[in-house]
Amino acid sequence: GLVDQESSFEVEIVERYLNLVKIYRKLDQSLKENGYMILVKNGAQSFLKANSAIGEKTKINQQLIKLGEFFQKKKEEIKNEQNNTNFADPSEFL
């Protein structure tokens, strides 16, 4: 498989990725429920401001991309290992 189940490091990477996806989805749900702009009341004042979930989603997205690069690198390593055989090319003997 793509992830070495015996490697605590690789298992932790997967767990982090899955946890970030859960948080990302919860932030998405919050944006759907509360909107992109929220009403803030401060004493007699009230004003609209951007929902902080927007910025948090951006941060989490960047972390997901970085972790995704780990998986992409693993895929490339596996592909290279499969393509790298130690067998001689039969045409070398002709």
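Rules used throughout
Residues numbered from 1 in each chain as written. Predicted model: local features only at pLDDT ≥ 70, side-chain atom pairs only at ≥ 80, totals over all residues. Heavy atoms only, no water. Helix = DSSP H or I, 4+ residues; strand = E, 2+ residues; numbered from the N terminus. Contact = heavy atoms within 4.5 Å. Areas by Shrake-Rupley, 256 points an atom, 1.4 Å probe, with all protein chains shown as cover. Expected span 1.5 Å × (residues − 1). Buried < 20%, exposed > 50% of the residue type's maximum accessible area, 1.4 Å probe, protein only. Axes fitted to C-alpha atoms, helices over the stretch in contact; angles between N-to-C directions. Parallel < 35°, antiparallel > 145°, perpendicular 65-115°, else oblique. Left-handed = near helix turned anticlockwise from the far one by under 90°.

## Digging into the overall build of the protein
- A count of helices and strands for the protein gives two helices and two strands.
- In sequence order, the protein lays out its α and β elements as α-β-β-α.
- Sequence separation of 24 or more characterises 51% of the internal contacts of the protein that already satisfy a separation of 6 or more.
- Counting every atom, the protein has about 7900 Å² of accessible surface; 51% of that belongs to carbon and sulfur.

## Topic: the side chain of Lys 74
- Among the secondary structure elements, Lys 74 is positioned in helix H2 (residues 53–83).
- Those residues in contact with Lys 74, other than ones at most four positions away along the chain, are Leu 2 and Glu 10.

## Regarding helix H1 (residues 8–34)
- The end-to-end C-alpha distance of H1 is 38 Å, a good match for the 39 Å that 27 residues give at a rise of 1.5 Å each.
- Listing the buried residues of H1 in full gives Glu 10, Ile 13, Leu 20, Val 21, Leu 27 and Leu 31.
- Positioned one or two residues after H1, Gly 35 has a phi angle of 85°, which is positive.

## Some thoughts on the packing of H1 against H2
- The interhelical angle for the contact between H1 and H2, taken along N-to-C directions, is 150°, at an axis separation of 9 Å. With respect to each other, H1 and H2 are oriented roughly antiparallel. With respect to the hand of their crossing, H1 and H2 are arranged in left-handed fashion.

Shape is all these values report; function is a separate question.
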